[in-house]
Amino acid sequence: MGAILLIIAFVVYFKWFDYALDKRVDYYDVSKIDTLKMTMDKVNNHLSATQVKMNLIQGKYDKDK
């Protein structure tokens, strides 16, 4: 019973993390994004969509950096 509750807790936690990350990406100022830098980073480093979103929020793909 405890294992089932632990699994449910992990699923809820990771779904909440994805939801919160998506909301932060939705409200990000897209005029600051260098799409070429983002695309090349994804292709060359084989990043997942979640990793790209996290890098976007951290400002790695901003034009002025």
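Residues numbered from 1 in each chain as written. Predicted model: local features only at pLDDT ≥ 70, side-chain atom pairs only at ≥ 80, totals over all residues. Heavy atoms only, no water.

## Observations concerning a nonpolar patch on the surface
Alright, step 1. A cluster of nonpolar side chains, contributed by Leu6, Phe10, Tyr13, Phe14, Trp16 and Tyr19, occupies part of the molecular surface with about 740 Å² of accessible area.
Alright, step 2. Relative to the elements of secondary structure, Leu6 occurs in helix α1 (residues 2–26).
Alright, step 3. Assessed through its relative accessible area of 48%, Leu6 is described here as partly exposed. (Patch = residues over 30% accessible without salt bridge, like charges linked within 9 Å, V, L, I, M, F, W, Y side chains within 5 Å. Areas by Shrake-Rupley, 256 points an atom, 1.4 Å probe, with all protein chains shown as cover. Salt bridge = Lys/Arg side-chain N within 4 Å of Asp/Glu carboxyl O. Helix = DSSP H or I, 4+ residues; strand = E, 2+ residues; numbered from the N terminus. Buried < 20%, exposed > 50% of the residue type's maximum accessible area, 1.4 Å probe, protein only.)

## Observations regarding the environment of Phe17
Alright, step 1. With respect to the secondary-structure elements, Phe17 resides in helix α1.
Alright, step 2. When its relative accessible area of 29% is taken as the criterion, Phe17 is described as partly exposed.
Alright, step 3. The spacing of Phe17 and Met1 is 16 residues in sequence and 25 Å in space, taken between C-alpha atoms.
Alright, step 4. Sequence-distant contacts of Phe17, that is, excluding residues within four places in its chain, are made with Thr50 and Met54. (Contact = heavy atoms within 4.5 Å.)

## Points about unusual backbone geometry
Alright, step 1. Phi is positive for His46, close to 55°, though the residue is something other than glycine.
Alright, step 2. Mapped onto the secondary structure, His46 falls in the loop between α2 (35–45) and α3 (49–57).
Alright, step 3. You can call His46 exposed: its relative accessible area is 70%.

## Things to note about the packing of α1 against α3
Helix-helix packing is characterised by the crossing angle of the two axes and by the distance between the axes.
Alright, step 1. Contact pair α1 / α3: the axes reach a minimum separation of 10 Å and the direction vectors enclose 50°. Between α1 and α3, the interaxial angle falls into the category oblique. Of the two possible hands of crossing, α1 and α3 adopt the one that is left-handed. Here α1 contributes Phe17, Leu21, Asp22, Arg24 and Val25 to the contact with α3, which in turn contributes Thr50, Lys53, Met54, Leu56 and Ile57.
Alright, step 2. Looking at side-chain class alone, the contact of α1 with α3 contains 6 nonpolar, 1 polar and 3 charged residues. (Axes fitted to C-alpha atoms, helices over the stretch in contact; angles between N-to-C directions. Parallel < 35°, antiparallel > 145°, perpendicular 65-115°, else oblique. Left-handed = near helix turned anticlockwise from the far one by under 90°. Nonpolar A, V, L, I, M, F, W, Y, C, P; charged D, E, K, R; others polar.)

Any functional reading would require information beyond the geometric quantities listed.
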